[in-house]
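Results of the structural survey
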Amino acid sequence: MDDIKDVIMLMTERDKNNFIRFLNVEKEKESRDDLEIFNELANSNGKEKKKFKQKNDKDAYHQNRKRLMEKLTDYYVLKSRKDDITGASKVSGLMTMCKFLFEGKMNRLGWKIARKAEKLAWETEQYTTLNSLYLMMIEHSESFHAIDIRTLIRKKSEAHKLAQLEENIIVTTQIIKQKLHEVKASGKSLNFSVFLDSMLRKAKLNNTVFENPKHIYNIIHVVRSSFLAIRNIKQFEEFILEQYHTIEKKYGFKKQHHHLKIELLYMIAHVLYRNRKYTESMDYLRQMYAAMNDHGKSHYRAYYPKYVSLLGSIKCFTGKINEAIEIHERILFKDRQPISIKDELNMHLNIAVFYAFNKQFAKTQAIFKGQKHRDEWIENKMGREFVLRKNMVHALTMYDLRMEEEALEKLNQIKKQNMDLFALPQYEKVGVYIDMLIAYVKDPTEISARHFMTNMSTSSDKFNLAQEENKTIAFFGWLMAKLKQTDYYKLVLSMVK
């Protein structure tokens, strides 16, 4: 395991180039072996030149690596401030300036900046930061320019209570997430409403929590995980639409909550897409796009990949496959916009499927051949289900490229690696489907469409066209198209209408 190599693998090409410029700005007179190590790790499959690993230079080599990690940390601290859309980094910057001014005995200007930091921190709900700010202000309250100490103590107490409330919400949310993960892994059922009420009571969180859009969003995010885990998508659609319109009507979205508005609009558009309400989904996606363009460019840069990914999926399943491919190619291969590793992995899998629908199998194969990361690494970032889906698409692509033996080997590998997963009720039919694929690849003449449907009905979670998600139907449709000897994409479109 090489921590620096792993960090570099997360970086976009733009980040790598910007980091090199960042290092050059801080360049010292002596040799910059740390920069050379960075270039080697970034451009040579993660292997440094042997000269850095000579035994006599061992200490120098480790010093250079240590300095490189420090510079990477400095770079991302500066980048986070630039990309911040919550105002938190600006408050931190003002506090740093305050400390500098107070230490330099420039109390008048120090207190002027402190008041500015205080105002912004309250506006952006940075309660933990406010605690630290008030401690600094109390420490320098003997100044002529200071705020009355009793006022500072009262305000600090108020900020502390709100910070404690937020901490309780964060801890409770994480406990709920862990419980949902355990439920999903075990396949057991859970009365989520009863469980949620119980957790809120234990954490002493009363109904005032729901007066803040940020707290409502946290709860919605948890509820979403619950409903998606048990595949109750229709109920989640009703829930989130009700919550969103309640927030909008009763409280509204302040500037500091604008990113939450975008997140919620995305969730609504996404669940409507999953429920195949494509027109309604597009309506909320347009609202999301409009919101992305409010309050500067930070929101646009942060959410554009998610917007494109969902827009492409809607276009794909409404018969506009070429448009879906075009917008994905533009962001991935032409514009080269900086996107997160999760967005990048999702979009690569999206376009791999789009290419397959469009019979561009060589391009689909190229996506998988160009994969930089091992499955274990991807699973850590995206989850096991994502890796399973990716490998299944890859196996089907191999078959379409007449690589039958490789496809069979891949499918057997998938089955072996996921036997424990297929034992769970919610994944049982996936295991049945894998078995059918293996049988088909071995001998296509041995399976009929009727045989396929009969086998898919043997699992406890039977295949139901009206209730299945598009990605499930895409897999189902591949084998059905082979058995019926019909066009794959046209068949899938007819199934998802």
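In case you missed it, the structure is sitting above this.
Below or above, wherever it landed, is the structure these notes cover.

Here we come to a positive patch on the surface. Together, Lys90, Arg108, Lys112, Lys116 and Lys255 give the surface a local cluster of positive charge. Looking at the positive patch, the element that brings in the most residues is helix H6 (residues 107-123), giving three residues. Here Arg108 is to be found in helix H6. Among the residues examined, Arg108 registers a relative accessible area of 52% and is labelled exposed.

Now for the packing of helix H14 (residues 298-316) against helix H16 (residues 341-357). Interaxial distance between H14 and H16 falls to 10 Å at its minimum, and their mutual angle equals 20°. Considering the angle they form, H14 stands roughly parallel to H16. Pair H14 / H16 crosses with left-handed handedness. Where H14 approaches H16, its residues Pro305, Lys306, Val308, Ser309, Gly312, Ser313 and Cys316 are matched on the opposing element by Asp343, Met347, Asn350, Phe354 and Phe357. Each residue belonging to the contact of H14 with H16 can be placed in one class, and the counts come to six nonpolar, four polar and two charged.

The next thing to look at is the pattern of salt bridges. Following the criterion strictly, the structure yields 15 salt bridges and no others. A salt bridge links Lys155 to Glu118; the nearest nitrogen and oxygen atoms lie 3.0 Å apart. Remark: Glu118 occurs in helix H6 and Lys155 occurs in helix H8 (residues 149-186); sequence separation between them is 37 residues. For Glu118, a relative accessible area of 7% corresponds to the buried category.

Rules of the game
- Residues numbered from 1 in each chain as written.
- Predicted model: local features only at pLDDT ≥ 70, side-chain atom pairs only at ≥ 80, totals over all residues.
- Heavy atoms only, no water.
- Patch = residues over 30% accessible without salt bridge, like charges linked within 9 Å, V, L, I, M, F, W, Y side chains within 5 Å.
- Areas by Shrake-Rupley, 256 points an atom, 1.4 Å probe, with all protein chains shown as cover.
- Salt bridge = Lys/Arg side-chain N within 4 Å of Asp/Glu carboxyl O.
- Lys, Arg positive; Asp, Glu negative; His and termini not counted.
- Charge placed at Lys NZ, Arg CZ, Asp CG, Glu CD.
- Helix = DSSP H or I, 4+ residues; strand = E, 2+ residues; numbered from the N terminus.
- Buried < 20%, exposed > 50% of the residue type's maximum accessible area, 1.4 Å probe, protein only.
- Axes fitted to C-alpha atoms, helices over the stretch in contact; angles between N-to-C directions.
- Parallel < 35°, antiparallel > 145°, perpendicular 65-115°, else oblique.
- Left-handed = near helix turned anticlockwise from the far one by under 90°.
- Contact = heavy atoms within 4.5 Å.
- Nonpolar A, V, L, I, M, F, W, Y, C, P; charged D, E, K, R; others polar.

Read these as spatial facts, not as claims about activity.
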